[in-house]
Amino acid sequence: QVQLVESGGGSVQSGGSLRLSCTVSGYTDRADCMGWFRQAPGKEREGVAAIDRGGATRYADSVKVRFTISQSNAKNTLYLQMSSMKPEDTAMYYCAASPYSCSTSWGALSTFLYWGQGTQVTVSA
């Protein structure tokens, strides 16, 4: 099993910044692609950003430039740096792991087999 635990959520004013963290443990060989996802009230879960073992990244169009995904050298911590935040960024944020490449997994929620419990992010106008 792969265990994921998110932290760093909270409330922030529009234009502010927040950094999310996700600790990864267990059989990390089954986590070749790591990603951040979010789900706002009344909306479907969407991919925010993903990073593969080599450091290649992908972003949703809505967060490009504003958000940055990264991982520790040991690959045991995933980060999401969020800047210039907007009220529409308000959502529950989840980290997730896929045993497949990000090329295969990006855009396909079902390929992410391991999920954290989520951390709430609220952005006020």
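Relevant structure appears above.
All figures in this text were calculated on a predicted structure; none of them were measured in a lab.

Engineer: Could you clarify how one ought to interpret the state of the cysteines in this entry?
Structural biologist: What is meant by a disulfide is a covalent connection between two cysteines, made through their sulfur atoms. Applying the stated criterion across every chain, the model contains 2 disulfides. Residue C22 pairs covalently with C95 via a disulfide, S to S 2.0 Å. Negative torsions about the S-S bond denote left-handed disulfides, and the value of about 55° found for C22 with C95 makes this one right-handed. With C22 in strand β3 (residues 18-26) and C95 in strand β9 (residues 91-98), the pair connects residues that are 73 residues apart, well separated along the chain. In this structure C95 comes out as buried when scored by relative accessible area, which is 0%. A sulfur-sulfur distance of 2.1 Å marks the disulfide that ties C33 to C102. Taking the sign of the S-S torsion, about 100° here, the bridge from C33 to C102 comes out right-handed.

Engineer: Could you clarify how one ought to interpret the packing of aromatic side chains in this entry?
Structural biologist: Aromatic ring pairs are reported here in terms of the distance separating the ring centres and the angle at which the planes meet. For the structure on display, the rule yields 4 aromatic pairs. Aromatic rings pair up to connect F37, Y94, F112 and W115 into one cluster. A cation sits over an aromatic face here: R45 above Y94, 3.9 Å from the ring centre.

Engineer: Help me out: how do you make sense of the pattern of salt bridges in this one?
Structural biologist: Pairing of side chains with opposite charge becomes possible as their charged atoms draw close. In this structure the tally under the stated criterion is 5 salt bridges. A salt bridge links R38 to E46, with the shortest nitrogen-to-oxygen separation between them at 2.8 Å. Accessibility expressed as a relative area gives 6% for R38, which makes it buried. Using a relative accessible area of 31% as the deciding quantity, one classes E46 as partly exposed.

How each quantity is defined
Residues numbered from 1 in each chain as written. Predicted model: local features only at pLDDT ≥ 70, side-chain atom pairs only at ≥ 80, totals over all residues. Heavy atoms only, no water. Disulfide = S-S within 2.5 Å. Helix = DSSP H or I, 4+ residues; strand = E, 2+ residues; numbered from the N terminus. Buried < 20%, exposed > 50% of the residue type's maximum accessible area, 1.4 Å probe, protein only. Phe/Tyr/Trp six-rings, centres within 6.5 Å; stacked < 30°, edge-to-face > 60°. Lys NZ or Arg CZ within 6 Å of the ring centre and 35° of its normal. Salt bridge = Lys/Arg side-chain N within 4 Å of Asp/Glu carboxyl O.

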